[in-house]
Amino acid sequence: MLALSANGVLPKADYAIFADTGWEPRTVYQHLDRLEKEIAGPAGIPILHVSSGNIRRDALDPTHRFASMPLYILNQDGKQGMTRRQCTGEYKIKPIKRQVRELLGYPYPQRIPKDIFVEQWVGISTDEFHRAKDADVRYMRNRHPLIDLGWSRTDCIRYLTSLGLTDTPKSSCLGCPFHGNAQWRHIRDTSPEEWRDVVEFDAAIRKGNARANAGGNQLLGQAFLHRSRVPLDQAPIDHVTAAEWAARQQELDDRTASVQELENGVVGGCSPWACRGETDLVPDDFGLAS
């Protein structure tokens, strides 16, 4: 959406907002820097960086209120569970809303008049149209430009390819429990330093919430980053799941379609940042406002 806006396909956005959890992969920060220099900057679209803190540091700080990550739990009786996911709301949605309020001139707790609002673009493609929802506050009105234009994930890949951005990384916390085996392998095989980081974090959260432990309310079981509920450096991440095979085929189909379209001189258009992801209220980390 940022590229479409910068190139005049969509109206010029007033701002783009990057909600930084403080624990993104190095490649995401490098990509963001490139976007600012090559796309947003020349188009005069400011990218505002917002944050509620560093999620990794906060999770291990016994004095800090921890917005729960969706950790995999193995109870003493062998039963399995998961902790609640509060991190999206705390580290993505909350700082974006705070920034939007400031842009409107009504920082919290001021009441915003009902006729004052921003139009927020959410990058959901036609593949996931069922995720398109209205905002939960009156001062933000969601619009889904990709769906309006009828663009799919394949169109995203085509447009990225045409801009030389085929290596666009997925934005997510480095140690997100929602990573699939392919993502864990990618970290292990391409970035030893970041792999050590997530392995150390996985070991550090074995007993759960640091603040709860400090207060004597210990987890009755063990917490893990990997769904196998074994330490990350021992987890079966080399196993290729059925979902991963399906994703590989989809990627192959997307890239084949992209090459064919480019050879025919046809360039599509879409956004790389929110076409795929979990069911977050704000997909990935970007919001565009006008």
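Report on the accompanying structure. Owing to the predicted nature of the structure, the values given are computational and were not obtained by experimental measurement. (Residues numbered from 1 in each chain as written. Predicted model: local features only at pLDDT ≥ 70, side-chain atom pairs only at ≥ 80, totals over all residues. Heavy atoms only, no water.)

## Thoughts on the overall build of the protein
- Helices and strands together make up the secondary structure of the protein, namely ten helices and eight strands.
- Going through the 290 residues of the protein one by one, you find that 46% of them count as buried.
- For the protein, contacts bridging at least 24 residues in sequence account for 69% of all contacts bridging at least 6.
- Looking at the protein as shown, the accessible area adds up to about 14,800 Å², and 51% of this sits on carbon and sulfur atoms. (Helix = DSSP H or I, 4+ residues; strand = E, 2+ residues; numbered from the N terminus. Buried < 20%, exposed > 50% of the residue type's maximum accessible area, 1.4 Å probe, protein only. Contact = heavy atoms within 4.5 Å. Areas by Shrake-Rupley, 256 points an atom, 1.4 Å probe, with all protein chains shown as cover.)

## Concerning the nonpolar core
- By size, the foremost hydrophobic cluster in this structure holds 25 residues, and its most contacted members are W23, W184, W195 and V198.
- Of all the secondary-structure elements, those providing two or more residues to this core are helix 3 (55–59), helix 4 (87–104), helix 7 (181–190) and helix 8 (192–204).
- Element by element, the count of residues in this core is highest for helix 8, at four residues.
- Excluding residues that lie within four positions of it along the chain, W184 makes contacts with L174, G175, C176, H179, W195, V198, L225, H226, L232 and I237.
- Ranked by size, the runner-up nonpolar core spans 20 residues in total, among them M1, F18, A40 and L146. (Core = buried A, V, L, I, M, F, W, Y, C linked by side-chain atoms within 4.5 Å.)

## Observations concerning helix 8
- Taking 1.5 Å as the rise per residue, helix 8 with 13 residues should run 18 Å; its terminal C-alpha atoms sit 18 Å apart, in good agreement.
- Taken residue by residue, helix 8 has E194, W195, D197, V198, V199, F201 and D202 as its buried positions.
- Residues of helix 8 that are buried in the fold lie against helix 2 (26–43), helix 3, helix 7 and strand 7 (221–224). (Expected span 1.5 Å × (residues − 1).)

## A closer look at the pattern of salt bridges
- Counted according to the given criterion, the structure contains 15 salt bridges.
- Across the pair E193 and R26 runs a salt bridge whose closest N-O atoms are separated by 3.5 Å. Placement of E193 in helix 8 and of R26 in helix 2 is noted, with a sequence separation of 167 residues between them.
- On the basis of relative accessibility, which here comes to 52%, the residue E193 falls in the exposed class.
- For the salt bridge of D197 with R56, the shortest nitrogen-to-oxygen distance reads 2.6 Å. With D197 in helix 8 and R56 in helix 3, this residue pair connects regions lying 141 residues apart in the sequence.
- Overall, R56 belongs to the buried group, its relative accessible area being 19%.
- Beyond isolated ion pairs, a larger network of salt bridges with shared partners links R34, E38 and D167. (Salt bridge = Lys/Arg side-chain N within 4 Å of Asp/Glu carboxyl O.)

## With respect to helix 7
- Within the sequence span of helix 7, burial applies to N181, W184, R185 and I187. Here the buried residues of helix 7 occupy an arc of 160° about the axis, which is enough to place them on one side. Opposite the packed face of helix 7, turned more than 90 degrees from it, sit the exposed residues H186 and D189. (Arc of directions from axis to C-beta.)

## Considering the packing of aromatic side chains
- Tallied over the entire structure, the rule returns two aromatic pairs.
- Centre to centre, the rings of F18 and Y29 are 6.4 Å apart; their planes meet at 85°, and the pair counts as edge-to-face. Here F18 is found in strand 1 (residues 15–19), whereas its partner Y29 is found in helix 2, with eleven residues between them in sequence.
- Since its relative accessible area comes to 29%, Y29 is described here as partly exposed. (Phe/Tyr/Trp six-rings, centres within 6.5 Å; stacked < 30°, edge-to-face > 60°.)

## Let's talk about the sheet that holds strand 7
- The strand order across the open sheet formed by three strands is 4-3-7, and the pairing between neighbours is antiparallel. Each edge of the sheet is formed by a strand with only one pairing partner; in this case those strands are strand 4 (80–82) and strand 7. Within this sheet the neighbouring strands show an average axis-to-axis angle of 30°, counted without direction.
- Examined bridge by bridge, strand 3 (residues 72–75) and strand 4 share three bridges and lie antiparallel to one another. Counted as the bridge partner of Y72 is M82 from strand 4. (Pairing = 2+ DSSP bridges. Axes fitted to C-alpha atoms, helices over the stretch in contact; angles between N-to-C directions.)

## Looking at unusual backbone geometry
- With an omega of 10°, the peptide bond running from Y108 to P109 counts as cis.
- Positive phi, close to 60°, is recorded for R229, a residue that is not glycine.
- One can find R229 in the loop between strand 7 and helix 10 (242–263).

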